[in-house]
Protein chains: 2
Amino acid sequence: MTRPAGGARSRTGRRSGDSGSKAAILQAARVQFAEYGYQGATIRAIAAAADVDPALVHHFYGTKERLFAAAMELPVTPSEAITAALARREPGSSPGTHMVRSALALWESAGVLGSLQAMLRSALTSEQAAATLRDFMAEAILRPLASVAEGTNPDRTSYRASLIATQMLGLAVGRYVLRFGPVAEASPDELAAAIGPVIDRYLTGDIS
Amino acid sequence: MTRPAGGARSRTGRRSGDSGSKAAILQAARVQFAEYGYQGATIRAIAAAADVDPALVHHFYGTKERLFAAAMELPVTPSEAITAALARREPGSSPGTHMVRSALALWESAGVLGSLQAMLRSALTSEQAAATLRDFMAEAILRPLASVAEGTNPDRTSYRASLIATQMLGLAVGRYVLRFGPVAEASPDELAAAIGPVIDRYLTGDIS
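Position numbers for residues start from 1 in each chain and track the written sequence from start to end. Labels follow written order: the first chain is A, the first ligand is 1, and so on. Per-residue local features of the predicted model are confined to residues with pLDDT of at least 70, and side-chain atom pairs are confined, for both listing and counting, to 80 or more; whole-chain, interface and lining totals are unaffected and use all residues. Side-chain figures throughout are based on the complete set of non-hydrogen atoms in the structure, without hydrogens or water.

Along the backbone of chain A there are 11 helices and 0 strands. Only protein chains enter the area calculation, which uses a 1.4 Å probe; residues under 20% of their type maximum are buried, those over 50% are exposed, and those in between are partly exposed. The proportion of buried residues among the 208 residues of chain A is 50%. Considering only contacts within chain A whose residues lie at least 6 apart along the sequence, 63% involve residues at least 24 apart. Of the roughly 9000 Å² of accessible surface on chain A, 53% is carried by carbon and sulfur atoms. Working definition: helices are DSSP H or I runs of at least four residues, strands are E runs of at least two. Numbering for both runs from the N terminus. By the convention used here, residues are in contact when the closest approach between their heavy atoms is within 4.5 Å. Surface accessibility follows the Shrake-Rupley procedure with a 1.4 Å probe radius. Residue values consider only the protein chains on display as shielding.

Have a look at this one:
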């Protein structure tokens, strides 16, 4: 794959100046994701709409997930955040406890909540936006969760991953959007102690 | 408390015809709840805005919670549904398993999902709507849940109730709005088996 140098004119004559190209790519990505969903949008079509070489999109963003995260102004790429959080786990804490603590730290870092809230609001308003978010979560969140579940209990991993997603989603909406008193006020450590074992159950427990 | 007969003119000369009064009360209630929130709105002020006697509002709706549920077109009054569901519990099933099964049955009955989705959408859009929903849930959902927790484990009942609310909320959004594949496709019995013990943990387990 050729990687045009930033700012250089590619031999196709297409736009390749870094900041202008990035803005055009992100704008095209938002339109294509909204129109065709997460599965339907392709890097090739986004590049064409932005009038740049597909290689430049790969050069800037690497994967469709990272491009989506950038277009939605997510400050992190979810699958990478999940993988990194689980890799940093201290020997003493259970996977679930660690996952709750890491998620709270991520959500409470700048910029994440606004993006989550905007995505959830769109999903509640438009079936197309819900489908896009669903497909994105399946690939970026449920798949890495399932691979963790797989390492511990290979039975029904995608069901286990989506059960985890229900608890984490409810925690985020309850703590930050609806702000249920005691859950909004609890410390991350208290929540990790209360909810961590639930995540462990969904990861490896007997759920039938 | 006087209860004017439906259709009769009250001695104050205010409107009291049943269907016209009900429509006026519900419309006034929506305006007052939106403007002053669930706590701030009063039956007295709603009656005044609807130009009816407060006793008529009590006659038709009994409590502020039932008036709110009617104004929001909820097909049930949440605290009554929770209390009734827990009273119907068969001896063999745990409280949590029973709660999950009852909630799914309620959500899958006609009309509930649309209301929930509309309320959640408003809460994501407006801080005032979020505050109204938060206060309403505190009174109509968290309080009856806390009284169940209290019967079994009197320690930190409102924290326990709000942990339960996070899991149930995430289940509803994950199954019906975002429709995470395996959670959307699972049967109520499967979900009750997987999630019921989580609710039991929040009700009575060691959460610290």
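Here we take up the confidence of the model for chain A. Residue and element names in this part refer to chain A. On average, residues of chain A carry a pLDDT of 82, and 87% of them reach 70 or more. Every residue gets a pLDDT, meaning the predictor's confidence in that residue, from 0 to 100. At the level of individual helices and strands, chain A shows its lowest average pLDDT in helix H5 (residues 78–87), which scores 76, and its highest in helix H2 (residues 43–50), which scores 96. Across residues 1–10, where pLDDT falls below 50, the model places 18 contacts with residues more than four positions away in sequence or in other chains. Both confidence scores are given for the complex: pTM 0.78, ipTM 0.77.

Residues and elements named next belong to chain A. Interaxial angles span 0 to 180 degrees and are taken between N-to-C directions of axes, which are lines fitted to C-alpha atoms, for helices over the stretch in contact. Between helix H1 (residues 18–40) and helix H4 (residues 64–71), the least distance of the axes is 9 Å, while the angle of their chain directions is 110°. One element, H1, and the other, H4, form an angle in the roughly perpendicular class. Every pair of crossing elements has a handedness; the one defined by H1 and H4 is left-handed. Touching Ile25, Leu26, Ala29, Arg30, Phe33, Tyr38 and Gln39 of H1 are Lys64, Glu65, Leu67, Phe68, Ala70 and Ala71, all from H4. Under this scheme an angle from 65 to 115 degrees is roughly perpendicular, one under 35 degrees roughly parallel, and one over 145 degrees roughly antiparallel; angles in between are oblique. Handedness of a helix crossing follows the sense of rotation of the near helix relative to the far helix, less than a right angle counterclockwise being left-handed and clockwise being right-handed.

Each copy is superposed on the other by least squares, with the fit set by C-alpha atoms of residues at a pLDDT of at least 70 in both. When chain B is fitted to chain A, the best match, at an RMSD of 0.0 Å, comes from turning it 180° and sliding it 0.0 Å along the axis. Here the symmetry operator amounts to a two-fold rotation axis. Relative to the rotation axis, the C-alpha of Gly170(B) is the closest in chain B, positioned 1.9 Å from it. Counting the interface residues of chain B, we find that 100% of their copies in chain A are interface residues as well, pointing to one common contact surface.

Before going further, it helps to spend a moment on the interface of chain B and chain A. With 43 residues of chain B in contact, the opposing surface of chain A contributes 43 residues. With both sides pooled, the region where chain B packs onto chain A buries about 3800 Å², and carbon together with sulfur makes up 66% of that total. By convention in these notes, a salt bridge is any Lys or Arg side-chain nitrogen within 4 Å of a carboxyl oxygen on Asp or Glu. At the junction of chain B and chain A, the tally comes to 4 salt bridges. Glu127(A) is the salt-bridge partner of Arg179(B), the closest N and O atoms lying 3.3 Å from each other. Contacts described as polar in this section are N or O atom pairs within 3.5 Å, which, within protein, must combine one atom able to donate a hydrogen with one able to accept it, while residues neighboring in sequence count only if both atoms come from side chains. Linking chain B with chain A are 16 residue pairs in polar contact (both at pLDDT 80 or more), by the criterion used here. Once two parts are brought into contact, the accessible area they lose, counted with a 1.4 Å probe and summed over both, makes up the buried area.

What follows covers the packing of aromatic side chains. Two rings from Phe, Tyr or Trp (for Trp, the six-membered ring) form a pair when their centres sit within 6.5 Å of each other. Planes less than 30 degrees apart are called stacked, planes more than 60 degrees apart edge-to-face, and all others tilted. Counted according to the given criterion, the structure contains 14 aromatic pairs over all chains. Geometrically, the ring pair formed by Trp107(B) and Tyr176(B) is edge-to-face, given 6.0 Å between the ring centres and 85° between the ring planes. One end of the pair, Trp107(B), is in helix H6 (residues 95–107); the other, Tyr176(B), is in helix H9 (residues 157–177), with 69 residues separating them in the sequence. For Tyr176(B), a relative accessible area of 14% corresponds to the buried category. Clustering of aromatic rings is evident, with ring pairs tying together Phe33(A), Tyr38(A), Phe68(A) and Phe136(A). Charges are assigned to positions over rings by a cutoff of 6 Å between ring centre and Lys NZ or Arg CZ, combined with an angular limit of 35 degrees from the ring normal. Sitting over the ring of Tyr38(A), Lys64(A) keeps its end group 5.2 Å from the ring centre.

On to helix H9 (residues 157–177) of chain A. Residue and element names in this part refer to chain A. For a helix, the expected span equals 1.5 Å multiplied by the residue count minus one. Look at H9: 29 Å from first C-alpha to last across 21 residues, which is about the 30 Å you get at 1.5 Å a residue. Of all 21 residues making up H9, 20 are buried, and the element is well covered by its neighbours. Positive backbone phi, at 50°, marks Arg179, one or two positions downstream of H9.

Of note, Ser162(B) is situated in helix H9. Judged by relative accessible area, Ser162(B) falls into the buried class, the value being 0%. Other than its neighbours up to four places away in sequence, Ser162(B) contacts Phe180(A), Pro182(A), Val183(A) and Leu142(B).

In this section: unusual backbone geometry. Leave glycine aside and you will find that most residues have negative phi; peptide bonds, for their part, are mostly trans. Residues and elements named next belong to chain A. At Asp51, a residue that is not glycine, the phi angle is positive and equals roughly 60°. Along the polypeptide, Asp51 turns up in the loop between H2 and helix H3 (54–61). By relative accessible area, Asp51 is classed as partly exposed at 41%. Of note in this structure, Arg179 is not a glycine but carries a positive phi near 50°. Since its relative accessible area comes to 34%, Arg179 is described here as partly exposed.

All names here are of chain B. On the secondary structure map, Asp200 appears in helix H11 (residues 188–204). You can call Asp200 buried: its relative accessible area is 16%. Between the alpha carbons of Asp200 and Ala23 there is a distance of 41 Å; along the sequence they are 177 residues apart. Leave out the neighbours within four places in its chain, and Asp200 touches Ser94, Pro95, Gly96, Thr97 and Gly205.

For the rest of this paragraph, the subject is the pattern of salt bridges. If you walk through the whole model with that rule in mind, you get 12 salt bridges over all chains. A salt bridge links Arg66(A) to Glu80(A), with the shortest nitrogen-to-oxygen separation between them at 3.8 Å. Of this pair, Arg66(A) sits in helix H4 while Glu80(A) sits in helix H5, placing them 14 residues apart in sequence. Judged by its relative accessible area of 41%, Glu80(A) falls in the partly exposed class. Between Glu190(A) and Arg156(B) there is a salt bridge, with the nearest N and O atoms lying 3.0 Å from each other. With Glu190(A) in helix H11 (residues 188–204) and Arg156(B) in the loop between helix H8 (127–152) and H9, this pair bridges two chains. Residue Glu190(A) is classed as partly exposed on the basis of its relative accessible area, which comes to 30%. With a relative accessible area of 33%, Arg156(B) lands in the partly exposed category.

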